[in-house]
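# Residue-level structure breakdown
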Amino acid sequence: MISETKPLSDCEWLERILHYNDEMLISGFQSSKFVLFNVDRNQTLVAVDCGGGHRSHDFIIHEGYFYFAYVNKRKTHRYVTRLPRLLRELEPGLHPSSINCVELAEQDDVDLYMVTGGENTEIQFSAVETGKFKPLVSIQGHLSSVKCLAVLSHDKESLLVASAGGRSELSVWRIQMKPELQWKRVANHLLGTPFQSKEEKEPVDDIRYMSMCFHADTGTLIVAGSDGFIRSYSLQGNKLIPVKTCKSHRFCILYVAVAHSNWILSADTAGYICWTPLSMLLPETSQDAFMGDIIRFRVHSAGANAVDFRSLTETEVEVGSSGEDCSIALSRFTILGKEISLKYKRVHPSCHASQVIGLRFIGGNHIITASKDQRIYLWKVNDDEISVVDYTRTSVADVTSLAISRLRNLIVITGRGAEAFSLNYVMRDEL
């Protein structure tokens, strides 16, 4: 098998496969509706509420028109629509429900690709062409929703992607782009008793992996869970081998990243930012000389949904964060060996009308944020103060994540759909 697709979620009856205008169509029944689905565009073209599949029915496509007849309550009904208009006007879809996470894969001399994880348990691999998305393949295999993604490696021919989410499931996928597009699951891991310590009280099925990062030097995947634990895994062949686990937070962790040569940065739903020594999560052969304690700072009054950082010097790291309290916080930390001190913290309240979902440092002294209020703001940072430079609106509802392509000056916003913006448009002449 080269690849497979799951065109219709909760589809009870696939009826037939046909071709129209060189595109593959599938017809079937989804709950009480008859649906006609365009596989190439990943888009439902027709949905007729006929009562379900256990009834007499038939359809034809003739001279550009779609004719559908069915029997319901002993009466014959007919439905007619002009199909070519639908095929021309409908934009390709990505996920039938909310998109939870997005990652961009880019190199100087190859195309820009986008990987998205959805609430419908699917991963969508798409090409980004002149600000538009071209779905290439839909990947199935997760038991529950996909909450986070990480691009592990990327070259001209293939992409290695890690995904994680509900039911404490972690997977690694290889997407082959040349000579022909195909994908396969390289490894999969479900959290179980052998990897649970005595501290881990939450049932395994209730644990959700919310964020992840990759330590390239040791090939270690670091995953943050809803139970407050950070876990690490090593990819060995076709297996994900558990390495270490540590309890860094008392609440659900929303963000994790390697922010320093010896430290991991994380944030949780209670507004805490935490520094965890890398030695607590890397294999024993790594980071042996450095041992420190977990250090916590309260930055927000509610969940820290969006976090980013930048290194100012070898010993200073500035962390930008925002979240459910609609504020943006700038925290500057001094790192000296095993000691981390908070040099200053400035919280700027009411920066958005709703909770902030995405935050990134860009350029030398700018921050870009995205919120559920469907606004994207550009901020200028002057020491510990911020000021609005420009903003634009997004048509994506229920914004969930933000990704940036710095090579192509592109912003991607996801939620109930996806939208791309030019950084030059949003920021005008600021950079």
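Quick look at the structure, then. Everything numeric here is computed off the predicted structure, so don't read it as measured data.

## Focus: the side chain of R310
Mapped onto the elements of the fold, R310 is located in strand 24 (residues 306–311). Within the structure, R310 has its side chain in polar contact with the side chain of E318 (distance 2.7 Å). When residues no more than four places from it in sequence are discounted, the contact partners of R310 are E316, V317, E318, F361, G364, N365 and V381.

## Structural notes on the packing of aromatic side chains
Evaluation of the coordinates by the stated rule reveals 14 aromatic pairs. With a centroid separation of 5.1 Å and an interplanar angle of 20°, the aromatic rings of Y113 and F125 are classed as stacked. Of this pair, Y113 sits in strand 9 (residues 112–118) while F125 sits in strand 10 (residues 123–129), placing them 12 residues apart in sequence. Relative accessible area serves as the criterion here: at 13%, Y113 is assigned to the buried category. By way of ring pairs, the aromatic residues F29, F34, F59, F66, F68 and Y70 are connected into one cluster.

## Comments concerning unusual backbone geometry
With omega at 5°, the peptide bond leading from K178 into P179 counts as cis. Along the polypeptide, P179 turns up in the loop between strand 14 (169–176) and strand 15 (182–190). For K73, which is not a glycine, the phi torsion comes out positive at approximately 55°. For K73, a relative accessible area of 74% corresponds to the exposed category. Of note in this structure, C326 is not a glycine but carries a positive phi near 65°. In this structure, C326 sits in the loop between strand 25 (316–322) and strand 26 (328–336). On the basis of relative accessible area, C326 is assigned to the buried category, the value being 15%.

## Some points on the sheet that holds strand 22 (residues 272–277)
Spatially, four strands are ordered 20-21-22-23 in an open sheet, and the strand pairing comes out antiparallel. The two strands at the open ends of the sheet, each matched to only one other strand, are strand 20 (253–260) and strand 23 (295–298). Put simply, the sheet's adjacent strands are angled 20° from each other on average, direction ignored.

Rules used throughout
Residues numbered from 1 in each chain as written. Predicted model: local features only at pLDDT ≥ 70, side-chain atom pairs only at ≥ 80, totals over all residues. Heavy atoms only, no water. Helix = DSSP H or I, 4+ residues; strand = E, 2+ residues; numbered from the N terminus. Polar contact = N/O pair within 3.5 Å; in protein donor to acceptor, adjacent residues only side chain to side chain. Contact = heavy atoms within 4.5 Å. Phe/Tyr/Trp six-rings, centres within 6.5 Å; stacked < 30°, edge-to-face > 60°. Buried < 20%, exposed > 50% of the residue type's maximum accessible area, 1.4 Å probe, protein only. Pairing = 2+ DSSP bridges. Axes fitted to C-alpha atoms, helices over the stretch in contact; angles between N-to-C directions.

Remember that the coordinates give geometry; whether it matters functionally is a separate question.
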